[in-house]
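# Inside the fold
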Amino acid sequence: MVSGAILQMKEEAKKMKLKPISVALHLDHGDSYELCVSAIKNGFSSVMIDASHLSYNENIKLTKKVVNFAHKYKVTVEGELGVLAGVEDDVSATEHIYTRPEEVEDFVKKTGVDSLAIAVGTSHGAYKFKPGQEAKIRLDILKAIEKRLKNFPIVLHGASSIPQEALEKINKYGGKMESAIGIDPKQVRAAAKTAVCKVNIDSDSRITMTASLREVLSQSPEIFDPRTYLAKVREDLMKMYMKKNVEVLGCGKKISK
Ligand SMILES: [Zn+2]
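These remarks concern the structure in this document.

The rules behind the values
Residues numbered from 1 in each chain as written. Predicted model: local features only at pLDDT ≥ 70, side-chain atom pairs only at ≥ 80, totals over all residues. Heavy atoms only, no water. Donors = N, O, S within 2.8 Å, 3.2 Å for Na, K, Ca; no water. Helix = DSSP H or I, 4+ residues; strand = E, 2+ residues; numbered from the N terminus. Buried < 20%, exposed > 50% of the residue type's maximum accessible area, 1.4 Å probe, protein only. Arc of directions from axis to C-beta. Contact = heavy atoms within 4.5 Å. Pairing = 2+ DSSP bridges. Axes fitted to C-alpha atoms, helices over the stretch in contact; angles between N-to-C directions. Expected span 1.5 Å × (residues − 1). 1 Å grid on protein atoms, 1.4 Å probe; cavity = no way out; pocket = protein on both sides within 12 Å on 5 of 7 lines; lining within 4 Å. Points joined across faces, edges and corners; volume = space filled by probe spheres on them. Nonpolar A, V, L, I, M, F, W, Y, C, P; charged D, E, K, R; others polar. Left-handed = near helix turned anticlockwise from the far one by under 90°.

Ideal donor angles around a metal are set by the shape: a four-donor tetrahedron calls for 109.5 degrees, a six-donor octahedron for 90 or 180 degrees. For the zinc ion, every protein donor is listed as H29 (NE2), H124 (NE2) and H157 (ND1), and the spread of their distances is 2.0 to 2.2 Å. When the donor residues of the zinc ion are listed from N- to C-terminus, their spacing reads H-x94-H-x32-H. With H29 in strand β1 (residues 26–30) and H124 in strand β7 (residues 123–124), this pair connects stretches of sequence that are 95 residues apart. Taken as a pair, H29 and H124 share a single burial class, namely buried.

Attention shifts here to the environment of I162. Inspection of the secondary structure puts I162 in the loop between β8 (154–156) and α6 (164–172). Its relative accessible area of 1% is what places I162 among the buried residues.

This part takes up helix α5 (residues 139–148). Buried residues of α5: I141, L142 and I145, and no others. Buried residues of α5, seen end-on, are gathered within an arc of 100 degrees and therefore sit on one face of the element. Residues of α5 that are buried make contact with α4 (101–111), β6 (115–118), β8, α7 (185–192) and β9 (196–199).

Another point: the sheet that holds β8. Read across the open sheet, the six strands follow the order β1-β2-β3-β6-β8-β9; overall the sheet is parallel. Lying at the two open borders of the sheet, with one neighbouring strand each, are β1 and β9. The sheet shows a mean angle of 25 degrees between the axes of neighbouring strands, direction not considered. Bridging between β6 and β8 involves three bridges; their strand directions are parallel.

Our focus in this paragraph is helix α3 (residues 56–72). With 17 residues, α3 ought to run about 24 Å at 1.5 Å a step, and its terminal C-alpha atoms sit 25 Å apart, in line with that. Listing the buried residues of α3 in full gives N59, I60, L62, T63, V66, V67, F69 and A70. Following α3 by one or two positions, K74 adopts a phi angle in the positive range, close to 55 degrees.

What follows covers empty space enclosed by the protein. Evaluation of the coordinates by the stated rule reveals two cavities of 30 Å³ or more. In this structure, the second largest cavity encloses a volume near 30 Å³. Lining the second largest cavity are A159, S161, P185, V188, V199, I201, K244, V248 and L249. Broken down by secondary-structure element, the contributors of at least two residues to the lining of the second largest cavity are α7 and α9 (226–248). Residues belonging to the lining of the second largest cavity are distributed by class as follows: seven nonpolar, one polar and one charged.

Another point: the packing of α3 against α4. For any two helices packed against each other, the geometry is given by the interaxial angle and the distance between the axes. The contact between α3 and α4 brings their axes to 8 Å, and the two run at 35 degrees. For the pair α3 and α4, the crossing hand works out as right-handed. Facing α3, whose interface residues are Y56, N59, I60, T63, K64 and V67, α4 presents E103, D106, F107, K110 and T111. Considering only residue class, the contact of α3 with α4 consists of four nonpolar, three polar and four charged.

Put into structure tokens, the structure is as follows:
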């Protein structure tokens, strides 16, 4: 079981005198009570129940059921109100349905969630917007929500910026990605200064990793050992995360709020 593996890793780290770091193992877009329960039983420290496609009352009912189970195991729960446009794995919607600020207090109170994902104009997946289209985070809605939920953790999904240099690199080295644009990092920076405390940027990770992999395999065709070419890929991914943490999310020491 995963939880057993985690305990074993903790023991190993202790033996090696490694400093403990805080890591959360989070289930993204859990779509059923059963899936969330399974993740919790297998050692996840945090789960998301995404019932945003259901009616308001059904969303409350399912989210509350997950919260009741999760909190028994001290596992935190992220809920979602409003619907994000875009496609990510099995999650897809054609239109934005912005979160209604007047519903958030009631939702949080009735469900007992620990954090709330909201829809304020971000979008899932790599092909969020076509060039020329304006990608806009509705800071006005975000601030109205923040006002109603004082000091409550807000989550932004679909906040990738789709780095153009990585996209160009993918196509330069044999890939076939259509042009796509993401959310301007300045807008994510502005959002990160509010109650937003978790920002999901999976598409940026996927694009950065693919670009790096295509480049290294193309430039060094003699390499066949995954340990060698993935080392370079990991390094590029790490650099991207470090840059984002400091410049966009404001988590580094260099940026003050
Ligand atoms: Zn998402």
